[in-house]
Amino acid sequence: MDKVTLDIIWGKLQATSDEMGVILAKASMSPVIYEVLDFACGLCDNKGECISIQNGITIFTGTFTSDVQIILKKFDKDINNGDIFLLNDPHYSGTHLNDVSVIKPIFVNDKLIAFAIADAHWADIGGSAPGSISPQASEIYQEGVQLPGVRLYKKGEIQKDIIDIISSNVRYPTLAIGDLNAEVAAVNIAEKRLNEIVKKYGADKVFTTFEYLKNTSEKISIKAIQNMPNGIYEVEDIIDGDSFKEDPIPIKLKLTIKDEEIEFDFDGTSDFSESPLKCGKGALFSQIKTVFKSVVDPHGFSNEGWFRPLKLKIPDGTVFSATYPESTGWYFETSSYAADLVWKAFASIIKNKTSAGHYLALSPSFLYGTDHRNNEPFFALEPHCGGWGASNDSDGTSGLIGILDGDTYNYSIELFENKFPMRCNQFKFNTEDGVGHGEFRGGFGLIREYELLCDDVSFYCADGRTKTKPWGIYGGTEGSNNYKIIRSNGKERKITITPPIKLNKGDTLKIVTASGGGYGKPENRERKRVLDDLENEFITPEIAQSVYKLKDVK
Amino acid sequence: MTRLAIDIGGTFTDLILFNEKNGKLTAYKSLSTPSDPSSGVVNTINLSKIDTANISFFVHGGTTVINAITERKGVKTALITTLGFRDILGIMRGNRPDMYNLKPKKPTPFVDRKLRFEVKERVTSEGKILTPLNLESLDEIIDICKKNKVESIAIQFLHSYLFTENEKKCSEYIKKKFPEVSITISSDITREWREFERANTAVLNAYVQPIVLKYFDNLEKKLNDLGINCGFTAMQSNGGTTSFNGAKRQPITLVESGPAAGVNGAVLVGNLTNKKNIIYFDVGGTTTKCALIENGKPKVTTEYKLEWTRFNPGYPIRVPVTDLVEIGAGGGSIAWFDSGGSLKVGPQSAGADPGPSSYNKGGIEPTITDAKLITGVINPKNFASGQFELKKKLAEKAINKIASVLGVDLITAASSIVRVAEANMINALKLVSIQRGYDPRDFVLVAGGGGGPMHACTLGKELGVSEIIVPPYPGYFSAWGMLATDQRSDFAITSLIRSENADINKILSIFNKLEEDAKNYFLSNNDLDKNIIDFEKRIDMRYLGQEHTVTVTVTEKEFDIEKILKIFHLEHKKAYTFSLDNTSIEFVTFRLSASSNSPKPKIKEISNNYKIDDSILEKREVNFGEDGLHKATVYNRNKLPTGIEIDGPLIVEEDSTVTMVLPNQKLTVDNFGFLRIK
């Protein structure tokens, strides 16, 4: 088979996934999708293996394959042309119930050739708190509606009953159904495009391309692993408590590189948590895959082939391997700790493609109530950007979204103030809490402060890296912490994890994110860089003198 | 009387003259003079030997603005913002499109933190003053700016898209105390919301303004010295022109003027051939540009991002820019293998210097031009008007690098390079057409640029367009497009209105306000047309709850809420495959494009009595990609009889390009000398 044709078809498959993403983002109803872009689209072959994923966010890197395989296993011979399935399985495959996968089998001449999949975060999927990820949820039943692989369409016929069940169990049905429509539009466009590709090149060539692209990617992975020194690398860290207890939760990774394989063994990781600060194996493996892809080939099109040489070992029931019916709402914070462990292990092996620790996850804020301007309910879910770690040749980047997201935007203040009854008083780099110093310094976190313009607004959050700090490397120092400050009636309190609490008009909420870790010894930092930082007020004269040993400072 | 269009490119300065009396076009080229582009302009005008007293229309297109930005050669610029928000320019949007990279980077802002200042002032989201502007605090800022030798200041306050007064007051105050500094206020450039985007737009305008001012002043003087006294206009990115004065005030509106002019060239081709729906396809030395023209009107967007790539968020510039997709595939694009051994072409380009291997200027990498030479499409002796001969041996040596890895012969390797490049081009063409809900069968493909006609027939066939048109002078497309360009300025204002509260009179009053702004703009600019102004009204709309909008064009006939809503439902369905008929709708941004309806050049038919045999140059082996190897007849375009019909496979050669017609396609030469291929 002519290799150039295969590469051309590969390019068209990628273009299809990217087009799905554009459709979904632009047609969706909720800010968490259209503004924050918390979703991904892609294609799987007829065995369920992911063959392409849109350049969007990383956390779905590994979940598409297991999502489609759940459908294949459950429906087996009963998958028909015109079916569309809904799935949100947080334990085996995915993340949390909010992430609803819409999966469409694609048939050409009555033969199942592939699946199109769109997975998007719904603003609310029911459960005990608006937004569905109450930090207090101890069981999955408190986190909303479970969709264990059900048909939304059966042979082209919409199943209205399913929509009724969903509409009556979620808080913002217009948003939910709007987003569902957008996801369906995305998988439908994929079906159309795949048909065009098959029509031009023939099904055989398209099938050959599926195998070719996975094998090509696998080969690059294997070559990269062969270039890594064989050995066992052990790292450990602490999760700073959960929503029920403040005690540290130890986590561990033993990474074994042997010839053409890497094993990730998380034995020794704590099983101590009733809270939803846990993740299932699906999210865990996705994070491993993300970090692995980053150190192997950040720009190659992603698919399941890259990850064939990876082996995961973890007992059930740990904070990284939650099982039914445990809650997993805050999987993103917890699974990001897993990514961070893997990252730290690789940082000691591959210097030029890694960096020191970053602010970790999204430190989102949830705010909801009734807007006094129109008496309509509002729901503001916002992930926040933070500081990234320094690396062998550059300072860390300031105010950037965490490892599990990607092409995710912060909320424009002008839009935010129009949409929600709050005013932003400041939005700036967090230079106040310090930063990881080093030959290259970490990036700065952010400070964003809201003042409430109406009464009775509820707020909840559950940050990570609240006591431990993003790690420095090769002599670089640690970064700072994530936290929030509420100021009410002249009193301030610091908050890291809280169930819904009430805020009133005039109260302020200050969201502070962590700065990243440093790389190399601070005394090796170029004088020019220190002076630039001083001039730009990123560091104080005291720091310039005490940490960077700059003598002649005014 | 003669119309003159001048287009300053990286390598050449192109001049097109249109003689209004006899309807004839003539073109001239001379080397660009990057250190002072106005010299190249003068050289080219001198070369044409035109009687300058006869020039009645002068339009200028150039790269001064985009070059100053991409080469970071603008002036030292400061930014003044609302208290609490000076870091917005550096925080940007926090997105990380390079998502599998543990060393992700953000673009560097054009103003350092130390030159980003805050003043006490605050306006609410309703446009009301919450904290009054504290002008006195500007004194210290002005001092620091002077000390730092700041040449230009951008001012951007929160919600200034609604309330512009504070920005204006601030500007006036600085002007008094620091008269030599150049000042840009954000609301003068754009009245759309999103603070970072507006700030960045203002900053980039400020960054280039002093340079552009100097450049146009100098050019004006030189043109006057040449005896050219008609009004001078400059091509803008929105597809229209403005006076030199307008360009000096809002230079950022010139950022993508070259491509916009090219799209206008396609519109002109459409006017002459009675085609309203056009897909424009232009292949230059380093990039391919594609745009869709519906009903004779190019689309404009304000979502433009400078230096955007798949892995770089780029710099948003919120001024209207002709909507086109540009990819890194042009004649100089280099073929290479990625880590998985897949053949890739571009975006790295050998450019003009050293250029493709066959240029014999030291380039050793295999490029598309080399591949087209090996496949027999390009005649080595008739390249770039025969200015230099291509060296086939060098192309073979370069292409052999690809052939040996693929394990194929040279022609197959060269053909593979062309196929990979064309796969990228077809994806771009689909992006502007099929993926936006248009059916290519309703469109003609107009090919421009030195490379467009070599690829157009293959791509047109795959896309399924109704016809492919190659106009004369395809290598001068931008200059040619400028000849037909109207004066134009765009105005927009964000104002949220829900469909259930919508009152047509309120909407009319918004448009009336915008019309007033437009009239003032045309009146206050000396070189602009005062009389004939054509207004196009558009509204960005969305379903309640959505963020992204769909732009709906509203004509006078449709000035009725129900009718507007109906158009929106249809447009939404076209763009996103569905409509939500029972959901309420929001009007978001109101847009007005005002243009003078300047007379279009009336190009005369040029029917001739040439004999077909006289136009045949030779027969040669040409690889037609998926259509295989054929012995093709090669024709000289300048001697082709009008009205003739010839079956492919065939090649048409002319000074600046080669047109490749596939087997089973038919070439017709129409009375304007356009090549029409079906």
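Residues numbered from 1 in each chain as written. Chains lettered and ligands numbered in written order. Predicted model: local features only at pLDDT ≥ 70, side-chain atom pairs only at ≥ 80, totals over all residues.

1. Some remarks on the overall build of chain A
Part 1 of the reasoning: Scanning chain A from N- to C-terminus turns up 11 helices and 20 strands.
Part 2 of the reasoning: C-alpha atoms of chain A, sized along the principal axes, occupy 75 × 60 × 40 Å.
Part 3 of the reasoning: The buried share among the 554 residues of chain A stands at 62%.
Part 4 of the reasoning: Here the contacts in chain A between residues at least 6 apart in sequence split such that 74% fall between residues at least 24 apart. (Helix = DSSP H or I, 4+ residues; strand = E, 2+ residues; numbered from the N terminus. Buried ≥ 20, exposed ≤ 12 C-beta atoms within 10 Å, placed from the backbone. Contact = placed C-beta atoms within 7 Å.)

2. Remarks on the overall build of chain B
Part 1 of the reasoning: When helices and strands are tallied, chain B shows 17 helices and 35 strands.
Part 2 of the reasoning: Relative to the 2.2 N^0.38 estimate, which gives 26 Å for 678 residues, the radius of gyration of chain B is 26 Å and therefore close to what a compact globule would have.
Part 3 of the reasoning: Residues counted as buried form 54% of the 678 residues belonging to chain B.
Part 4 of the reasoning: In chain B, 66% of the contacts between residues at least 6 apart in sequence involve partners at least 24 apart. (Rg over C-alpha atoms; globule rule 2.2 N^0.38 Å.)

3. A few points about unusual backbone geometry
Only a minority of non-glycine residues have a phi that is not negative, and only a minority of peptide bonds are not trans.
Part 1 of the reasoning: Cis rather than trans, the peptide bond between A:Tyr324 and A:Pro325 has omega equal to 0°.
Part 2 of the reasoning: Residue position: A:Pro325 is located in the loop between strand 11 (310-313) and helix 8 (331-347).
Part 3 of the reasoning: For the bond running from B:Gly648 to B:Pro649, omega is 0°, close enough to zero to count as cis.
Part 4 of the reasoning: Along the chain, the position of B:Pro649 falls in the loop between strand 31 (645-647) and strand 32 (650-653).
Part 5 of the reasoning: A positive phi is found at A:Ser132, a non-glycine position, where the angle reads about 70°.
Part 6 of the reasoning: Structurally, the position occupied by A:Ser132 is in the loop between strand 5 (111-121) and strand 6 (148-154).
Part 7 of the reasoning: With 25 C-beta atoms counted inside 10 Å, the residue A:Ser132 sits in the buried group.
Part 8 of the reasoning: Positive phi, normally seen in glycine, also occurs at B:Asn295, with a value near 55°.
Part 9 of the reasoning: Looking at where B:Asn295 falls in the secondary structure, it is placed in the loop between strand 14 (288-294) and strand 15 (297-298).

4. Considerations on helix 9 (residues 257-273) of chain B
Part 1 of the reasoning: The end-to-end C-alpha separation of helix 9 of chain B is 25 Å, in line with the 24 Å expected for 17 residues at 1.5 Å each.
Part 2 of the reasoning: Just beyond helix 9 of chain B, the residue with positive phi is B:Asn274, at close to 60°. (Expected span 1.5 Å × (residues − 1).)

5. Let's talk about the sheet that holds strand 29 (residues 616-623) of chain B
Residues and elements named next belong to chain B.
Part 1 of the reasoning: Across the sheet, which stays open at both edges, the 4 strands sit in the order 29-30-32-33 with mixed pairing between neighbours. Looking at strand neighbours, the two that pair on one side only are strand 29 and strand 33 (658-661), the edges of this open sheet. In this sheet, neighbouring strand axes are inclined to one another by 25° on average, regardless of whether the strands run parallel or antiparallel.
Part 2 of the reasoning: As defined by bridge partners, strand 29 adjoins strand 30 (residues 629-636) across 7 bridges and the pair is classed as antiparallel. Of the residues in strand 30, the one forming a bridge with Asn623 is Leu629. (Pairing = 2+ DSSP bridges. Axes fitted to C-alpha atoms, helices over the stretch in contact; angles between N-to-C directions.)

6. Quick notes on the interface of chain B and chain A
Part 1 of the reasoning: Between chain B and chain A, the contact holds 51 residues from the first and 67 residues from the second.
Part 2 of the reasoning: Counted by class, the side of chain B that touches chain A contains 19 nonpolar, 17 polar and 15 charged residues. (Nonpolar A, V, L, I, M, F, W, Y, C, P; charged D, E, K, R; others polar.)

7. What about the sheet that holds strand 26 (residues 533-543) of chain B?
All names here are of chain B.
Part 1 of the reasoning: Taken in spatial order, the 4 strands line up as 25-28-26-27 in an open sheet, and their pairing is antiparallel. The sheet is open, and its two edges are formed by strand 25 (488-498) and strand 27 (550-554), each paired on a single side. Averaged over all neighbouring strand pairs, the angle between strand axes comes to 25°, with direction disregarded.
Part 2 of the reasoning: In the sheet, strand 25 pairs with strand 28 (residues 585-596) via 9 bridges, with the strands oriented antiparallel. Note that in strand 28 the partner of Arg488 across the bridge is Ser595.
Part 3 of the reasoning: The strands that helix 16 (residues 561-576) touches are strand 26, strand 27 and strand 28; relative to strand 27, the one it contacts most, it runs at about 135°.

8. Details of the confidence of the model for chain B
Part 1 of the reasoning: Chain-level pLDDT for chain B is 91 on average; 99% of the residues reach the 70-or-more range.
Part 2 of the reasoning: The complex prediction reports pTM at 0.91, with the ipTM value standing at 0.94. (pLDDT = per-residue confidence, 0-100.)

9. A few points about the packing of helix 5 (residues 173-201) of chain A against helix 6 (residues 203-226) of chain A
The geometry of a pair of packed helices is captured by two quantities: the angle between their axes and the separation between those axes.
Residues and elements named next belong to chain A.
Part 1 of the reasoning: Closest axis-to-axis distance for the helix 5/helix 6 pair is 6 Å, and the angle between their directions is 115°. When the axes of helix 5 and helix 6 are compared, the pair comes out roughly perpendicular. Contact residues: Ile197, Val198 and Tyr201 in helix 5; Ala203, Lys205 and Val206 in helix 6.
Part 2 of the reasoning: Here the residues of the contact of helix 5 with helix 6 are counted per class, giving 5 nonpolar, no polar and 1 charged. (Parallel < 35°, antiparallel > 145°, perpendicular 65-115°, else oblique.)

10. Section: the nonpolar core
Part 1 of the reasoning: Counting 323 residues, the largest nonpolar core has A:Leu24, A:Ala186, A:Val342, B:Ile153, B:Ile279, B:Ile417 and B:Leu445 as its most contacted members.
Part 2 of the reasoning: Of all the elements, helix 7 (residues 195-225) of chain B adds the most residues to this core, at 14 residues.
Part 3 of the reasoning: Leave out the neighbours within four places in its chain, and A:Val342 touches A:Leu253, A:Phe264, A:Ile288 and A:Val291.
Part 4 of the reasoning: One finds B:Leu514, B:Ile564, B:Leu580 and B:Phe590 within the second-largest nonpolar core, a separate group that totals 23 residues. (Core = buried A, V, L, I, M, F, W, Y, C linked by C-beta atoms within 7 Å.)

11. Digging into the domain arrangement of chain A
All names here are of chain A.
Part 1 of the reasoning: What the domain assignment reports for chain A is domain 1 (3-219) and domain 2 (355-520).
Part 2 of the reasoning: Placing a centre on the C-alpha atoms of domain 1 and another on those of domain 2 gives a separation of 30 Å.
Part 3 of the reasoning: Listed by partner, the interface residues are 19 residues for domain 1 and 19 residues for domain 2. (Domains from an automatic or database assignment.)

12. Brief notes about the environment of A:Glu432
All names here are of chain A.
Part 1 of the reasoning: Among the structural elements, Glu432 can be located in the loop between strand 14 (422-430) and strand 15 (445-452).
Part 2 of the reasoning: Classification of Glu432 as exposed rests on a count of 12 C-beta atoms within 10 Å.
Part 3 of the reasoning: Separated by 13 residues in sequence, Glu432 and Gly445 have C-alpha atoms that sit 9.7 Å apart.

13. Side note on the domain arrangement of chain B
Residue and element names in this part refer to chain B.
Part 1 of the reasoning: Taken as a whole, chain B is organised into domain 1 (2-69 + 213-255), domain 2 (74-212), domain 3 (258-329 + 422-482), domain 4 (333-421) and domain 5 (488-596).
Part 2 of the reasoning: With centres defined by C-alpha atoms, the gap from domain 1 to domain 3 works out at 23 Å.
Part 3 of the reasoning: Taken residue by residue, the interface counts 19 residues in domain 1 and 19 residues in domain 3.
Part 4 of the reasoning: Listing elements by their share of the side of domain 1 that touches domain 3, those giving two or more residues are strand 1 (2-8), strand 2 (12-19) and strand 4 (55-61).
Part 5 of the reasoning: Taken together, the residues that form the side of domain 1 that touches domain 3 break down as 10 nonpolar, 7 polar and 2 charged.

14. Looking at the packing of helix 11 (residues 392-406) of chain B against helix 12 (residues 410-432) of chain B
All names here are of chain B.
Part 1 of the reasoning: As a packed pair, helix 11 and helix 12 sit with axes 8 Å apart at the nearest point and diverge in direction by 90°. The pairing of helix 11 with helix 12 is recorded here as roughly perpendicular in orientation. Residue-level contacts link Glu396, Ile399, Asn400, Ile402, Ala403 and Leu406 of helix 11 to Leu410, Ala413, Ala414, Ser416 and Ile417 of helix 12.

15. Concerning the environment of B:Ile497
Residue and element names in this part refer to chain B.
Part 1 of the reasoning: Summarising the element assignment, Ile497 is placed in strand 25.
Part 2 of the reasoning: The sequence separation of Ile497 and Phe587 amounts to 90 residues, and the corresponding C-alpha distance is 5.1 Å.
Part 3 of the reasoning: Residues within four places of Ile497 in sequence aside, it is in contact with Ala502, Lys506 and Phe587.

16. Side note on the environment of A:Pro315
Residues and elements named next belong to chain A.
Part 1 of the reasoning: With respect to the helices, strands and loops of the structure, Pro315 is situated in the loop between strand 11 and helix 8.
Part 2 of the reasoning: You can call Pro315 exposed: it has 12 C-beta atoms within 10 Å.
Part 3 of the reasoning: Between the C-alpha atoms of Pro315 and Glu157, which are 158 residues apart in sequence, the distance is 42 Å.

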